[in-house]
Amino acid sequence: MIEIKELYKSFDTAGTTVHAVENVSLDIEAGDVYGIVGYSGAGKSTLVRCINLLERPDSGSIRVEGFGTIRCARGSAFCTPEGGAEQPLSEKQLKTLRRDMGMIFQHFNLLDRSTVFDNIAYPLKHSGRSRAEIKARVLELLDLVELRDKINAYPSQLSGGQKQRVAIARALANNPRILLSDEATSALDPDATESILRLLQDLNRKLNLTIVLITHEMAVVKAICGKVAVMENGRVVEQGNVYDVFSEPQANITRKFVDSSSGLGRINKLIDQHANVLSGGGTLIRLTYNKDCVGESLISEVSRRFGVNMNILLGSLELLQGSPLGGLIVLVEGSMDARREAIAFLCEHNVIVEVIEHG
Ligand SMILES: Nc1ncnc2c1ncn2[C@@H]1O[C@H](COP(=O)(O)OP(=O)(O)O)[C@@H](O)[C@H]1O
Ligand SMILES: [Mg+2]
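What counts, and at which threshold
- Residues numbered from 1 in each chain as written.
- Chains lettered and ligands numbered in written order.
- Predicted model: local features only at pLDDT ≥ 70, side-chain atom pairs only at ≥ 80, totals over all residues.
- Heavy atoms only, no water.
- Helix = DSSP H or I, 4+ residues; strand = E, 2+ residues; numbered from the N terminus.
- Buried < 20%, exposed > 50% of the residue type's maximum accessible area, 1.4 Å probe, protein only.
- Areas by Shrake-Rupley, 256 points an atom, 1.4 Å probe, with all protein chains shown as cover.
- Lys, Arg positive; Asp, Glu negative; His and termini not counted.
- Charge placed at Lys NZ, Arg CZ, Asp CG, Glu CD.
- Phe/Tyr/Trp six-rings, centres within 6.5 Å; stacked < 30°, edge-to-face > 60°.
- Pairing = 2+ DSSP bridges.
- Axes fitted to C-alpha atoms, helices over the stretch in contact; angles between N-to-C directions.
- Contact = heavy atoms within 4.5 Å.
- Arc of directions from axis to C-beta.
- 1 Å grid on protein atoms, 1.4 Å probe; cavity = no way out; pocket = protein on both sides within 12 Å on 5 of 7 lines; lining within 4 Å.
- Points joined across faces, edges and corners; volume = space filled by probe spheres on them.
- Nonpolar A, V, L, I, M, F, W, Y, C, P; charged D, E, K, R; others polar.
- Parallel < 35°, antiparallel > 145°, perpendicular 65-115°, else oblique.
- Left-handed = near helix turned anticlockwise from the far one by under 90°.
- Near = heavy atom within 4 Å.
- Polar contact = N/O pair within 3.5 Å; in protein donor to acceptor, adjacent residues only side chain to side chain.

A. Main features of the overall build of the protein. Helices and strands together make up the secondary structure of the protein, namely 12 helices and 16 strands. Judged by the C-alpha coordinates and their principal axes, the protein covers about 80 × 50 × 40 Å. Here the protein, with 359 residues, has 50% of them falling under the buried criterion. Only carbon and sulfur atoms are counted for the fraction: they give 46% of the accessible area of the protein, which is about 17,300 Å². Computing the positive centroid from 40 side-chain charges and the negative centroid from 44, the protein places the two 8 Å apart.

B. Spatial organisation of the packing of aromatic side chains. Under the criterion given, the structure shown has two aromatic pairs. Pairing Tyr-39 with Phe-257 gives two aromatic rings, centres 4.3 Å apart and planes at 20°, and the pair type is stacked. Of this pair, Tyr-39 sits in the loop between β3 (33-37) and α1 (44-51) while Phe-257 sits in helix α9 (residues 252-260); the two residues are 218 residues apart in sequence, bridging distant segments of the chain. By relative accessible area, which is 33% here, Tyr-39 ends up partly exposed.

C. Structural view of the sheet that holds strand β13 (residues 283-288). Spatial strand order, β14-β15-β13-β16: four strands in an open sheet with antiparallel pairing. Single-partner strands in this sheet number two, and they are β14 (309-320) and β16 (352-358). Strand-to-strand twist in this sheet, taken as the mean axis angle between neighbours without regard to direction, amounts to 15°. Examined bridge by bridge, β14 and strand β15 (residues 323-333) share 11 bridges and lie antiparallel to one another. The residue bridging Ser-316 from the neighbouring strand is Gly-327, located in β15.

D. The sheet that holds strand β2 (residues 16-28), seen in detail. Read across the open sheet, the six strands follow the order β2-β1-β4-β5-β6-β7; overall the sheet is antiparallel. The sheet is open, and its two borders are formed by β2 and β7 (87-88), each paired with just one other strand. Where strand β1 (residues 2-13) and β2 come together, nine bridges link them in antiparallel fashion. Bridging from a neighbouring strand, Leu-7 pairs with Val-24 of β2. Sitting on the sheet, α1 is in contact with β1, β2 and β4 (59-64), with an inclination near 120° to β1.

E. Just the pairing of strand β10 (residues 210-215), in detail. Counting buried positions along β10 gives six out of six residues, so the element sits mostly inside the fold. Of the two faces of β10, both are covered, the one formed by Thr-210, Val-212 and Ile-214 as well as the one formed by Ile-211, Leu-213 and Thr-215. Relative to β10, β3 is paired through five bridges, and the arrangement is parallel. From the neighbouring strand, Gly-35 faces β10, where its bridge partner is Leu-213.

F. Molecular detail of helix α2 (residues 91-99). For α2, every residue scored as buried is listed here: Gln-93, Leu-94 and Leu-97. One face of α2 carries all of its buried residues, which in axial projection span an arc of 100°. Exposed positions of α2 whose direction lies more than 90 degrees from the buried face are Glu-91, Lys-92 and Lys-95. Turning to α2, the residues buried within the fold contact α1, β4, β5 (68-73), β6 (76-81), β7 and β8 (101-105).

G. How the structure looks around the layout of surface pockets. There is about 790 Å³ of room inside the largest pocket. If you go around the largest pocket, you meet 23 residues; those closest to its centre are Arg-98, Arg-99, Met-101, Pro-123 and Asn-174. The class makeup of the residues in the lining of the largest pocket is 12 nonpolar, five polar and six charged.

H. Looking closely at empty space enclosed by the protein. By the definition in use, this model includes one cavity of 30 Å³ or more. Ser-181, Glu-183, Ala-184, Thr-185, Leu-197, Leu-200, Leu-213, Ile-214, Thr-215 and Val-220 are the residues that line the largest cavity. When residues of the lining of the largest cavity are traced back to their parent elements, those giving at least two are α6 (190-206) and β10. Examining the composition of the lining of the largest cavity, we find that three residues originate from one element, β10, more than from any other. Classifying every residue of the lining of the largest cavity gives six nonpolar, three polar and one charged.

I. Seen up close, the packing of helix α5 (residues 160-171) against α6. Two numbers describe how α5 lies on α6: the axes approach to 9 Å, and their chain directions differ by 20°. When the interaxial angle is binned, α5 and α6 end up roughly parallel. Every pair of crossing elements has a handedness; the one defined by α5 and α6 is right-handed. Contact with α5, carried on its side by Gly-161, Gln-164, Arg-165 and Ile-168, involves Ala-192, Ser-195, Ile-196, Leu-199, Leu-200 and Leu-203 of α6 and no other residues of that element. When its residues are assigned to classes, the contact of α5 with α6 shows six nonpolar, three polar and one charged.

J. Highlighting the site of ligand 1. All residues adjacent to ligand 1 are Phe-11, Thr-13, Val-18, Ala-20, Tyr-39, Ser-40, Gly-41, Ala-42, Gly-43, Lys-44, Ser-45 and Thr-46. Taking Gly-43, its main chain carries an N or O atom lying 3.0 Å from an oxygen atom of ligand 1. Here an oxygen atom of ligand 1 and a side-chain polar atom of Thr-46 are 2.5 Å apart. At the level of secondary structure, the elements contributing two or more residues to the shell around ligand 1 comprise β1, β2 and α1. Ranked by residues supplied to the shell around ligand 1, first place goes to α1 with three residues.

Following this line, the structure appears as C-alpha cells:
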C-alpha cells in the first residue's frame, strides 16, 4: 500500500542540522495497522508528515498503491503515476494524494467556532457535492463514529474522546484508503484511549482502512497494531510483526519499551535496591517466554535436577496476538557448577536465558 524507500529529511536551524528522518525504508501493506513507536524527538511526526508531503523529504521515494511513486531529490518532488512517466509533482496530484490519506492528531485540530456538523463537512466543500449530499455524508460519518447526537455541539462542549471522534469522521470524509494517526490518543485518559483504539480497529476492519499509527506508548501498539517499526534518532532500528519484535527485541531501545510496559522494567530498580540479593552468591537471570515455551513449568524441574534454588523475583505474562509474552526474573542459588548446568538446561529447552549478574 505504502512503500517508503531511503527517505531522508533534515532541518537546518540556527546553524545546526537535525537529521529528523534518516534513511528510512518501510513497507506498509493494505489493511495493516502499522505502528511507529519511539520516544519524543525520534522523528515519528516528521516521517508521517513526509508520507503525505506536508513535509517535503530531502530525498527518497514513496510509492502509494493505486496512485504512483513520488520521488524527492534536492528539494524537488517528482511523480510517476502508475503506468505513466515521471514528471514534476503537480498541485493536482498532491491534492489527489492527500485526499487518499486522512490524518488525525494529538490535539484534534478542530475548528473551535464551528459545530460538529461544520467540522466534518469542511473537507467536503468544493468536492462538487450538493448540500443534501454533504449532509447525508456527514450523517453517515457521525453514525460511523457513534456521535450523531452531538451534531450541533461545539468542540468546547465535547470530551477529548468525542473530539477525536469528530476528527476521525472529518479525516474519513473523502473516503481515504489510508489514515495517518499522530499520537491520536496521547491527550486522552485511559478509557477514552481504549474506546478510540477500538474505533480505529473497527474502521480498519469495516473499511479495510490502512492505518499508520504513531505513538510513544507501547500499550497502544500492543492493543491494535499488527506490525511495528521502532524509531530512534531518525532511524528505524527495528521493524516487523508486533509479536516477533516484542518477544525478542533486538535493539536496546525496543527492550526498554517492552520492559516499560511489562512490569519487568522494575528489574533495574530491584537490583539497585537489593544489591544484597546477590551477596549470597546467586546468579540473577532473566527468562523470556515465547510462543513455543512458557518457562515456568521448567523451573521446578531444573531445581530438582540440579539441586539449585530458583527464586522468582519478578514475573510478567500477557497475551499478545493470542500468544504468551513476558518473562521471569529468577535468582538461581547453588554451586557455580550447578548454576551453570541449570542455565544450560534451560537454554536447551527453548527458553531465552540471559544472565543479568553473577554474585
Ligand atoms: N520544522 C522543524 N524545524 C526544525 N526542527 C524540527 C522541525 N520539525 C521537527 N524538528 C526536529 O526533528 C526531530 C524529530 O522531530 P519529530 O519528528 O517531531 O519527532 P517525534 O514526533 O518522534 O517526537 C526533533 O529533533 C525536532 O526538534
Ligand atoms: Mg511527534
